[in-house]
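# Breakdown of the fold
So you can see what is in the structure, the chains are spelled out below.
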Amino acid sequence: MENGVEKRESNGVTLFTEEELREISGVKRGDDYVEVMCGCTSHRYGDAVARLRVFSSGELEITCDCTPGCQEDKLSPAAFEKHSGRETARKWKNNIWIIVNGEKVPVVKTPLLKYYNQSSKHANGSNRSQSGRACHRDEFLRCTECKKERRFRLRSKEECKNYHDALANVHWKCSCIPYDRVSCDDEEERASRRVYRGCSRSPTCKGCTTCVCFGCQICRFSDCSCQTCSDFTRNAKA
């Protein structure tokens, strides 16, 4: 729909209905997510306003707009709650609010967590949900010219292919990134930001069965002749 309230994935499943998001402010849509306005209130610092993306995989991702020029993006809800200065942290489901009918409503009281909750229920120690969708943590690659590390977000097959190809390029540099205008002159992410890798279990996870994938249909490619993809394709057929 034009207002971004309702979208359908390639399999024809509705992510959110028009009725579910009718009264929510700032709704936008992407290829596999719905974005809404959100925020978190600190008694000391006031409101920190941001944008929440809800992915069909159950992942939640927040880009902070607390001050002009704030560089914090792709935060987990827990990381955003901490960044906002909320005094009673670790209760992000109640502390992060959405504007519904002009009022601040805890995100837990909206339909926006239905995929997150399903993802949590389906977690069983593997890197997949019961839907079969693999989870991939963000990866970094170092530029061969400026030696700065650049983040690769791995949430779709296209993003995984971008990283796969970049990893195979021994002369890879910042300007090779296909989806961002990044040059060697741009600053590298702060070390405190690089610890956030997109794990839904823990914002500072160093690698676990939730966010590390060892091969799936999203990050392995049948038309690629590299050993990793060839082995996966051969084993999958077997």
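Only a predicted model underlies this, so the values are computations on that prediction, with no experimental measurement involved. (Residues numbered from 1 in each chain as written. Predicted model: local features only at pLDDT ≥ 70, side-chain atom pairs only at ≥ 80, totals over all residues. Heavy atoms only, no water.)

Across its full length, the chain carries seven helices and eight strands. Looking at the chain as a whole, 41% of its 238 residues qualify as buried. Surface summary for the chain: the accessible area is close to 13600 Å², and the carbon and sulfur share equals 47%. (Helix = DSSP H or I, 4+ residues; strand = E, 2+ residues; numbered from the N terminus. Buried < 20%, exposed > 50% of the residue type's maximum accessible area, 1.4 Å probe, protein only. Areas by Shrake-Rupley, 256 points an atom, 1.4 Å probe, with all protein chains shown as cover.)

Below, the discussion takes up the packing of aromatic side chains. Here the structure, examined in full by the defined rule, presents three aromatic pairs. Arranged with centres 5.6 Å apart and planes meeting at 55 degrees, the rings of F152 and W172 form a pair that is tilted. With F152 in strand 8 (residues 149-152) and W172 in the loop between helix 5 (157-168) and helix 6 (191-194), this residue pair connects regions lying 20 residues apart in the sequence. One aromatic cluster is present, built from ring pairs that chain together F152, Y163 and W172. Above the plane of the ring of F221 lies K161, whose end atom (NZ or CZ) is 5.5 Å from the centre. (Phe/Tyr/Trp six-rings, centres within 6.5 Å; stacked < 30°, edge-to-face > 60°. Lys NZ or Arg CZ within 6 Å of the ring centre and 35° of its normal.)

In this section: the side chain of R197. Residue placement: R197 occurs in the loop between helix 6 and helix 7 (227-237). A polar contact of 2.7 Å, which involves the side chain of R197, links it to the backbone oxygen of D138. Those residues in contact with R197, other than ones at most four positions away along the chain, are R137, D138, E139, F140, R151, R155, P203 and C205. (Polar contact = N/O pair within 3.5 Å; in protein donor to acceptor, adjacent residues only side chain to side chain. Contact = heavy atoms within 4.5 Å.)

This next bit is on the layout of surface pockets. Size it by volume and the largest pocket reaches roughly 1300 Å³. Residue lining of the largest pocket: 39 residues in total, with D73, K74, R153, Y179 and D180 positioned closest to the centre. In terms of residue class, the lining of the largest pocket is made up of eight nonpolar, seven polar and 24 charged. (1 Å grid on protein atoms, 1.4 Å probe; cavity = no way out; pocket = protein on both sides within 12 Å on 5 of 7 lines; lining within 4 Å. Points joined across faces, edges and corners; volume = space filled by probe spheres on them. Nonpolar A, V, L, I, M, F, W, Y, C, P; charged D, E, K, R; others polar.)

Attention now goes to the pairing of strand 8. Bridge count for strand 7 (residues 139-142) against strand 8 is four bridges, and the pairing is antiparallel. Within strand 8, the residue paired with L141 across the bridge is R150. (Pairing = 2+ DSSP bridges.)

Moving on: unusual backbone geometry. Among all residues save glycine, negative phi is the norm, and among peptide bonds the norm is trans. Although it is not a glycine, K74 sits at a positive phi angle of roughly 55 degrees. You can see K74 is positioned in the loop between strand 4 (60-64) and helix 2 (77-83). For K74, a relative accessible area of 26% corresponds to the partly exposed category. A positive phi angle, close to 55 degrees, is found at N101, a residue other than glycine. Tracing the backbone shows N101 in the loop between strand 5 (96-100) and strand 6 (103-106).

It is worth spelling out the pairing of strand 4 at this point. Taken across its five residues, strand 4 has five buried, putting it largely inside the fold. Side-chain alternation along strand 4 places L60, I62 and C64 on one buried face and E61 and T63 on a second face that is also buried. Connecting strand 3 (residues 46-55) to the next strand, strand 4, in antiparallel fashion are four residues, including G58 with a positive phi near 105 degrees.

Here we come to the state of the cysteines. Under the defined criterion, the tally for this structure stands at zero disulfides. Here C229 is not disulfide-linked; the sulfur of C226 is the nearest cysteine sulfur, at 3.6 Å. (Disulfide = S-S within 2.5 Å.)

For the rest of this paragraph, the subject is empty space enclosed by the protein. Gaps left between atoms are located by rolling a probe of water-molecule size over the structure's atoms. Evaluation of the coordinates by the stated rule reveals one cavity of 30 Å³ or more. If you trace the largest cavity, you find it lined by L52, L60, I62, P77, W92, I96, V107 and L113. For the lining of the largest cavity, the residue count by class is eight nonpolar, no polar and no charged.

Okay, helix 5 next. With twelve residues, helix 5 should reach 16 Å at 1.5 Å per residue; the first-to-last C-alpha distance of 17 Å fits that figure. When helix 5 is considered as a whole, its buried residues turn out to be E159, C160, N162, Y163, H164 and A166. (Expected span 1.5 Å × (residues − 1).)

In the structure shown here, the tally under the stated rule is 23 salt bridges. Between E19 and R22 there is a salt bridge; the shortest N-O distance is 2.8 Å. Overall, E19 belongs to the exposed group, its relative accessible area being 55%. Notably, a salt bridge pairs R155 with E59, separated by 2.7 Å at the nearest N-O pair. Here E59 lies in the loop between strand 3 and strand 4 and R155 lies in the loop between strand 8 and helix 5, a separation of 96 residues in the sequence. Residues R155 and E59 agree in their burial class; the two are buried. One network of salt bridges, with partners in common, ties together E59, D138, R151, R155 and E189. (Salt bridge = Lys/Arg side-chain N within 4 Å of Asp/Glu carboxyl O.)

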